[in-house]
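# Survey of secondary and tertiary structure
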Amino acid sequence: MAEYRHLYGPVPSRRLGRSLGVDMVPMKTCCLDCIYCQLGPTTVHTDERREYVRVDEVLDELARWLEAGGSADYLTFAGCGEPTLNSELGDAMARARELTDIPVCLLTNGALLWREGVRSAAMQADLMMPSLDAGTEETLQRINRPVEGITLERYIEGLRATVEGFRGEVWLEVMLVAGVNDSDAELEAIDRAIERIHPAQVQINTVVRPAPAGDARRVDNATLVRARVILGPNATVISSAWERGAPDSAEHDAAEVLALVGRRPVTLQDVAHGLGMHPNEASKYLAHLVGEGDLRTEQRDGQLFYVRA
Ligand code: SF4
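Starting from 1, residues in each chain are numbered consecutively following that chain's sequence as written. Only residues with pLDDT of at least 70 are given local features in this predicted model, and only at 80 or more are side-chain atom pairs given and counted; all residues enter the totals for whole chains, interfaces and linings.

## Regarding the domain arrangement of the protein
Note the following rule: Where each domain starts and ends follows an automatic or database-derived domain assignment.
Structurally, the protein comprises domain 1 (7-244) and domain 2 (245-309). Spacing between the C-alpha centres of domain 1 and domain 2 amounts to 31 Å.

Structure follows, in structure tokens:
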């Protein structure tokens, strides 16, 4: 890809298959300055929309890549920052869709979707993957450090209006940082926001690699399960978020499993990961609790969930 300045990949993506990245803003232009950002501190902290990267250049490169036989499962519009800051994003995605049948995904922080112009540009995508990491204003300021003018209410309302008007699916990512947005109260507030937004999927993630700036830390497996339980059956934990090497021989009794299955349904995998036990062992406890009448099972979307009886 050395001859391309604005395209990268295709890279294998857990969620998108083979994804060709299309870079719409230069390093690092963003309306947020997230404490977990893998790109380091935001150097151009702005909500000003302009043609940071020339769209004609991007489209020329894409046409060249397609002519050379390029193939991918998705064209993913993203960048070294926030792609919706590029004022020509909507035009770029619409023109990309004329060039190829490869579906277009927009990877965005979603913080500017309350602005009509940003939202209508974003609607040119086939799939949208925004994020929301906070359920309270205080946590939004702490974790995402937005430019002035981005409030939690605007953020949530923008996401809600996007889902309502969008022909494609919206997959909402929630990035968890230990000690910042992983309390029950914060997760419940995020859950209330999600209920307003109504995304097709909620994907729970955590800080897998240390961020270049700051000391954002990952949450452990039990917290991922707790988040999954609170955020509801539409929520899944991204597979790479699980901590590796959790002890699988630890002693856990049925009471712990029962406590885990608190208010919301969980899967066998949730229990196994959350308590660091082998799935066979988790399955044994779950079967015991079902037999005792403490839990019952439910099929949802082809998956088996355990719920409090
Ligand atoms: S929105 Fe994305 S690019 Fe911007 S600071 Fe947060 S993680 Fe980094």
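So that's the structure; there's more coming.
## A look at the site of the ligand
Put simply, the rule is: Defining nearness, a residue is near a molecule or strand when the C-beta atom obtained from its backbone falls within 6 Å of it. Note on residue classes: Ala, Val, Leu, Ile, Met, Phe, Trp, Tyr, Cys and Pro are nonpolar, Asp, Glu, Lys and Arg are charged, and everything else, Gly too, is polar.
All residues in the neighbourhood of the ligand are listed as Cys 30, Leu 32, Asp 33, Cys 34, Cys 37, Leu 39, Thr 42, Gly 81, Glu 82 and Asn 109. Split into classes, the residues belonging to the shell around the ligand amount to five nonpolar, three polar and two charged.

## Observations regarding helix α1 (residues 55-67)
Basically, it comes down to this: A run of H or I in DSSP becomes a helix once it reaches four residues, and a run of E becomes a strand once it reaches two; helices and strands are each numbered from the N terminus. To estimate the expected span of a helix, count its residues, drop one, and scale the result by 1.5 Å. Remark: C-beta atoms are placed from the backbone, and a residue is labelled buried if 20 or more other C-beta atoms sit within 10 Å of its own, exposed if 12 or fewer do, or partly exposed between those counts. Working definition: the arc comes from the directions between the helix axis and the C-beta atoms, pointing outward to the latter.
For α1, which comprises 13 residues, the first-to-last C-alpha distance of 18 Å matches the rise-based estimate of 18 Å (1.5 Å per residue) to within 8%. Turning to α1, its buried residues number three or more, namely Val 55, Val 58, Leu 62 and Trp 65. Buried residues of α1 fall within an arc of 90° about the axis and therefore sit on the same side. In α1, the exposed positions angled more than 90 degrees off the buried face are occupied by Asp 56, Glu 57 and Glu 67. Of the residues flanking the end of α1, it is Gly 69, one or two places downstream, whose phi is positive at about 90°.

## Things to note about the pairing of strand β2 (residues 17-23)
Spelled out, the test is: Pairs of strands are assigned from DSSP output, requiring at least two bridges between the strands.
Summarising burial for β2: five of the seven residues are buried, a large majority. Of the pairings in the sheet, the one linking β2 to strand β5 (residues 74-78) comprises five bridges and is parallel in character. Residue Ser 19 lies in a different strand from β5, and its bridge partner there is Tyr 74.

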